[in-house]
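# Analysis of the macromolecular model
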Amino acid sequence: MKLELRGITKRFGAMVANDNVNLVAQPGEIHCLLGENGAGKSTLMNVLYGLYQADGGEILIDDKVVKFSGPGDAMAAGIGMVHQHFMLIPVFTVAENVMLGHEPTKFGGILDMAAARAKVREVSAKFGFEIDPDAIVGELPVGVQQRVEIIKALIGNAEVLIFDEPTAVLTPQETDELMAIMKQLREAGTAIVFITHKLREVQEVADKITVLRLGKVVGEADPKSTANELASMMVGRAVDLDVEKAPATPGKPTFKVEGLSAWSHSGAKVLDDINFEIHEGEILVIAGVQGNGQTELTEAIIGMHGKTAGSIQLDGRELIGKNVKQVLDLGVGFVPEDRTEDGLVAEFTIAENLMLDRSDRKPFAKGLNINLAYLKKFALEKLNQFDVRAQGIESKAAQLSGGNQQKVVLARELSRELRLFVASQPTRGLDVGSIEFVHEQIVATRDSGIPVLIVATELDEATQLGDRIAVMYKGKIVGIVPSNTPRATLGQMMAGISA
Amino acid sequence: MKRVMKEFTGGSAFLSILAVIASLVVGGILIALSSPEVQSTATYLTARPSDFFQALWNSVFGAYDAMFRGAIFNYKAQDTLQMIKPITETLAYATPITMSGLGLAVAFRSGLFNIGATGQIIFGAMFAGWVGIYVDLPWYVHFPLAVLAGVLGGGLFGALVGFLKATTGANEVIVTIMFNYIAVLLLGYLLKTPILQAPGAVNPISPPVKDSAKYVFFLGDQFRLHGGVFAMIIAVVFTWWLLNRSTLGFRFRALGHNPNAAKVAGINIGLTYILVMGISGALSGLAGTSQILGSEQVLTLGVAASYGFDAITVALLGRSNPWGVLVAGLLFGGLRAGAVTMQANQGVPVDIVLVVQSLIVLFIAAPPLVRAIFRVKVSKEVAA
């Protein structure tokens, strides 16, 4: 089955999310749709999947024009989608999830579970998935859950499979396995559309590459292009993906974590005897697949995690038992992983966001009043210094792009007198240009003699940015290794196997 | 819930005005439907349509004209004093509604859905009333002390809600609703004990407040308008300053928009809850003083009237903006004052005004409905 998008245009108010986009997916071919966040990839796929109606253009299947008014139509036409956030019901079994929506029934409308199980086994065996149809989905590892999604699409007789950023939640090993599955599907004659912004993956599996920038197709790329070439196409200017940094010149170890454990509300142990130290002028990267205790670790450091034991010392002072304000006042700069949720107040102006942490003191406070004159001066200065692209300091944070939002957070956190800098996934979802800027700022902070702790989920970032890498798995530190450790070794550590 | 509150506090003044217009139009239809003349002329509509439309015009215009004469300016009155009396009535009604509405606006802007204005007004009135009735002091000490007591009473009752939320995570909506019952029942109980009941009284009623504790009736005794109206203006300016210029209000708003970010930025969430609810309650407490030291002068079970709930509507209609709340408060004061004349002159039931008020809430709660009626274009579709 051949799928073609012809001249798709989709507008949201004045913003054009897709501008005359063409795309052809042929059977037995992996077509990569490459673009930065906000380039319009997801919008395009939502149009294809019937979730949005296009303002212009048409969808063709085997050269015949089709109209989808909802995902049901798209599925019936043989289009399957593996979503970035799985559309599975965690308390259902694999078989129950897979048959949801087109349940096989016996006489009298009784669910035919045996048939559903058999189907799961059949598809699972065909691709070597080894999935137990009776396993509860919520108890399966993320990579396996993704396979359930794939099975679900295949059982719906999908001949075109769309993978929407499928590797965001996977370990490097799981990613490799997914790549293998995609190749296998290609051999079986499925047309695959693979949406991603990760260049390494594109280079590995793509037969064709379409690059999307600001809603427009900027061209097709040769699958043999280098990462820098692809990135340049994606961004629209020459980029250098390598982090420029001089060798670290570590000083005294001023930040020490000893025997740190933490428990969740339900009593589960989320941090288990964490030990590490960071020297002045050194970047330690915490690597690992998301959800292995990194969030809890940063929360524990800044005094937001409820139940903790052990010791966290900065300049010889204990941080455990202190509240967020006290920790920040000791000179901790903190960039949270979810900047819109935890880093910024979207409805506040840039200026207001810049004083969020110090509204109670001079020079931002003048008696009971906000010192508006100083705030304006401060905000203008930071806007300039951190190259925040906005109409002015009165722009609302919500109106900024992700990169500019992150610059506002950085501007605020780096403008205090720092003794430790903690940043959690500081480049998540940012465009390449902003990533360069954020990396520069982090390296500059290190070079000013401050210990820096970065949480990274992408190996490339971890190895490029870090001076040392600590790998976390299930709340424990598997090991702390130099940043030139081979990817394969790091990948194994991320799966819990110590080096 | 959070999204609903955002709709309430974030919408435009334009939509508020549209909601009021729509409500008055629907109100007009109801007035017409309930009019006996309209009903009787409708039976021979095809024979003599002019009768029907005449009756229609008379009923709707007559009702709203009476409302205007009752609420703003009575051009049919004999002397100047009677002519301007309606606007003073409007102001007198608007005073407690606006004060309490300001209190709720503070809470709404801080992300707390305070439904407890009734209870907070009652606590303000009880505290102020007790000082006004039983303390004997020269007026320049007695009056400020009584007002302060009322503000403190409402404030403490509000702060208690904030304290419960901060320490136990109790939902403020449920707590404030329950606190309303506690306040009403406590008042009822105290009005039957010597603590507040007038000696020798059979009914639940307190002795009158001493003259030295009362708001000044600066227009003379035949007017119900009193010095509380100035307190209302001060409260508006204070609330504006608090929310827009003070560092405390900055933290209130940060909490209202994004409690997570506020927490990560080191803002003490628990303490802020207490302060928000304390100030919110204090403003309702001030409304209580306007009742007991101004309009009512004796404590009865009806001291809070329906102002606690009107205040919610007023805060929503005013989009939780202090000046907007003032305008909305004046509107509601006017509706109340006008309703009396409307019933007396035109026989239109007072309930029509309640319907109009309820419709306003409905139209604000359903901005898409208002937008659809008036074809207001949605500026931006939400992008995924």
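Each chain has its residues counted from 1, following the order in which its sequence is written. Each chain gets a letter, beginning with A, and each ligand a number, beginning with 1, in the order they are written. Predicted model: local features are reported for residues with pLDDT of at least 70 only, side-chain atom pairs are reported and counted for 80 or more only, and whole-chain, interface and lining totals are derived from all residues.

## Points about the overall build of chain B
Runs of H or I in DSSP of at least four residues are treated as helices and runs of E of at least two as strands, each being numbered from the N terminus. For chain B, the count of helices and strands is 16 helices and zero strands. In this description the radius of gyration comes from C-alpha coordinates, and the expected globular size is given by 2.2 Å times residues to the power 0.38. Computed over the C-alpha atoms, the radius of gyration of chain B is 22 Å, within 12% of the 21 Å expected from 2.2 N^0.38 for a compact globule of 384 residues. A principal-axis box enclosing the C-alpha atoms of chain B has dimensions of 70 × 70 × 35 Å. Using C-beta atoms placed from the backbone, we call a residue buried if 20 or more other C-beta atoms fall within 10 Å of its own, exposed if 12 or fewer do, and partly exposed for counts in between. Split into buried and exposed, the 384 residues of chain B put 52% on the buried side. Considering only residue pairs separated by 6 or more positions, chain B has 75% of its internal contacts joining residues 24 or more positions apart. Residues are treated as contacting if the C-beta atoms built from their backbones sit within 7 Å of each other.

## Looking at the overall build of chain A
If you tally the helices and strands in chain A, you get 17 helices and 22 strands. For 499 residues, the compact-globule estimate of 2.2 N^0.38 gives 23 Å, and the C-alpha radius of gyration of chain A, at 25 Å, lies within 12% of that figure. In terms of its C-alpha atoms, chain A occupies a principal-axis envelope of roughly 75 × 50 × 45 Å. When contacts within chain A are restricted to residue pairs at least 6 apart in sequence, long-range pairs at least 24 apart make up 67% of them.

## Comments concerning the environment of N292(A)
Residues and elements named next belong to chain A. Checked against the element boundaries, N292 lands in the loop between strand 13 (283-287) and helix 9 (294-302). Sequence separation between N292 and A365 is 73 residues, and the spatial gap between their C-alpha atoms is 40 Å. Apart from residues no more than four positions distant in its own chain, N292 is found in contact with M472, Y473, K474 and G475.

## A few points about the interface of chain B and chain A
Counting from both sides, the interface comprises 21 residues of chain B and, opposite them, 29 residues of chain A. Looking at the side of chain B that touches chain A, the elements with two or more residues in it are helix 10 (247-257) and helix 11 (259-264) of chain B. Sort the elements by how many residues they give to the side of chain B that touches chain A and helix 10 of chain B lands first, with six residues. In terms of residue class, the side of chain B that touches chain A is built from eight nonpolar, eight polar and five charged. Note on residue categories: nonpolar means Ala, Val, Leu, Ile, Met, Phe, Trp, Tyr, Cys or Pro, charged means Asp, Glu, Lys or Arg, and polar means any other residue, Gly included.

## With respect to helix 14 (residues 402-414) of chain A
Residue and element names in this part refer to chain A. Each helix should span, by expectation, one fewer than its residue count multiplied by 1.5 Å. Taking 1.5 Å of rise per residue, the 13 residues of helix 14 would be expected to cover 18 Å, and the 18 Å separating its terminal C-alpha atoms lies within 8% of that figure. Burial analysis of helix 14 places twelve of its 13 residues in the buried class, the great majority of the element. All of the buried residues in helix 14 are G403, N404, Q405, Q406, K407, V408, V409, L410, A411, R412, E413 and L414. Buried residues belonging to helix 14 abut strand 16 (332-335), helix 11 (339-343), helix 12 (350-354), helix 13 (372-385) and helix 15 (432-447).

## Examining the domain arrangement of chain A
Residues and elements named next belong to chain A. Throughout, the edges of the domains are those of an automatic or database domain assignment. When its domains are assigned, chain A resolves into domain 1 (3-235) and domain 2 (253-494). Those elements that place two or more of their residues in the side of domain 1 that touches domain 2 are helix 6 (172-187) and helix 8 (227-235). Examining the composition of the side of domain 1 that touches domain 2, we find that three residues originate from one element, helix 8, more than from any other. Within the side of domain 1 that touches domain 2, the residues separate by chemical class into five nonpolar, four polar and one charged.

## A short note on the packing of helix 7 (residues 139-168) of chain B against helix 12 (residues 269-295) of chain B
Residues and elements named next belong to chain B. Contact geometry for helix 7 and helix 12: axes closest at 6 Å, N-to-C directions at 145°. With respect to the hand of their crossing, helix 7 and helix 12 are arranged in right-handed fashion. Of the residues assigned to the contact of helix 7 with helix 12, the class counts are 17 nonpolar, 14 polar and one charged. In this analysis an axis means a line fitted to C-alpha atoms, helices contributing only their contacting stretch, and an angle means the value between N-to-C directions, from 0 to 180 degrees. Less than a right angle of anticlockwise turn of the near helix away from the far helix marks a crossing as left-handed, whereas a clockwise turn marks it as right-handed.

## Quick word on the nonpolar core
To define a nonpolar core, we join buried Ala, Val, Leu, Ile, Met, Phe, Trp, Tyr and Cys residues through C-beta atoms within 7 Å and take the resulting set. Counting 254 residues, the largest nonpolar core has V285(A), A287(A), I454(A), V471(A) and V106(B) as the members making the most contacts within it. Split by domain, this core shows at least three residues from each of two domains, domain 1 (3-235) and domain 2 (253-494) of chain A. Setting aside residues no more than four positions away along its own chain, I454(A) makes contact with I283(A), V285(A), A423(A), P426(A), I442(A), L465(A) and G466(A).

## Some points on the packing of helix 5 (residues 80-109) of chain B against helix 14 (residues 322-346) of chain B
Residues and elements named next belong to chain B. Running from N to C, helix 5 and helix 14 cross one another at 135°; their axes reach a closest spacing of 7 Å. If you check the angle between helix 5 and helix 14, you find them oblique. Considering only the axes of helix 5 and helix 14, their crossing is right-handed. Contacts between helix 5 and helix 14 involve P86, E89, T90, L91, Y93, A94, I97, T98, G101, L102 and A105 on the former and, on the latter, P322, V325, L326, A328, G329, L330, F332, G333, G334, R336 and A337. Residues of the contact of helix 5 with helix 14, tallied by class, amount to 14 nonpolar, six polar and two charged. Any angle between 65 and 115 degrees counts as roughly perpendicular, while under 35 counts as roughly parallel, over 145 as roughly antiparallel, and the rest as oblique.

## Description of the pairing of strand 16 of chain A
Residues and elements named next belong to chain A. Side-chain alternation along strand 16 places V332 and F334 on one buried face and G333 and V335 on a second face that is also buried. The pairing of strand 16 with strand 19 (residues 420-424) spans four bridges and is classified as parallel. The partner of G333 across the bridge, within strand 19, is F421. Note: two strands are recorded as paired if DSSP finds a minimum of 2 bridges between them.

## Digging into unusual backbone geometry
Excluding glycine, residues mostly carry a negative phi; peptide bonds, for their part, are mostly trans. Residue and element names in this part refer to chain A. Note that the residue after K362, namely P363, is joined by a cis bond; omega there is 0°. Along the chain, P363 falls in the loop between helix 12 and strand 17 (365-366). In this structure, D62 is a non-glycine residue whose phi angle is positive, near 45°.

## Structural notes on the pairing of strand 21 (residues 468-473) of chain A
Residues and elements named next belong to chain A. With five of six residues buried, strand 21 lies mostly within the body of the structure. In this sheet, strand 21 lies alongside strand 13 in parallel orientation, the contact comprising four bridges. Paired with A287 across the two strands is V471, which belongs to strand 21. Looking at chain direction, strand 21 and strand 22 (residues 476-482) are connected through six bridges and run antiparallel.

## Here's the deal with the sheet that holds strand 5 (residues 64-66) of chain A
All names here are of chain A. As summarised here, the arrangement of the four strands in space is 2-1-4-5, forming an open sheet in which the pairing is antiparallel. Edge positions in the sheet fall to strand 2 (15-25) and strand 5, since each has one partner strand and no second. Ignoring strand direction, the axes of neighbouring strands in this sheet form an average angle of 30°. For strand 1 (residues 3-12) and strand 2, the ladder comprises seven bridges, and the chain directions are antiparallel. By the bridge assignment for strand 2, L5 is matched with L23.

## Observations regarding the sheet that holds strand 11 (residues 253-263) of chain A
Residues and elements named next belong to chain A. With antiparallel pairing, four strands are arranged side by side in an open sheet as 12-11-14-15. In the strand order of this sheet, the two ends are held by strand 12 (269-279) and strand 15 (317-318), each with one partner. When strand 11 meets strand 12, the two strands line up antiparallel, connected through seven bridges. Of the residues in strand 12, the one forming a bridge with V257 is F276. Helix-sheet contacts for helix 9 involve strand 11, strand 12 and strand 14 (307-314), and the interaxial angle to strand 12 is about 65°.

## A look at the confidence of the model for chain B
Residues and elements named next belong to chain B. pLDDT gives the predictor's per-residue confidence on a scale running from 0 to 100. With 93% of its residues at a pLDDT of at least 70, chain B reaches an overall mean of 89. Note on residues 378-384: pLDDT under 50 across the span, and twelve contacts to partners over four residues away in sequence or across chains. For this predicted complex, the interface confidence comes out at an ipTM of 0.84, alongside a pTM of 0.80.

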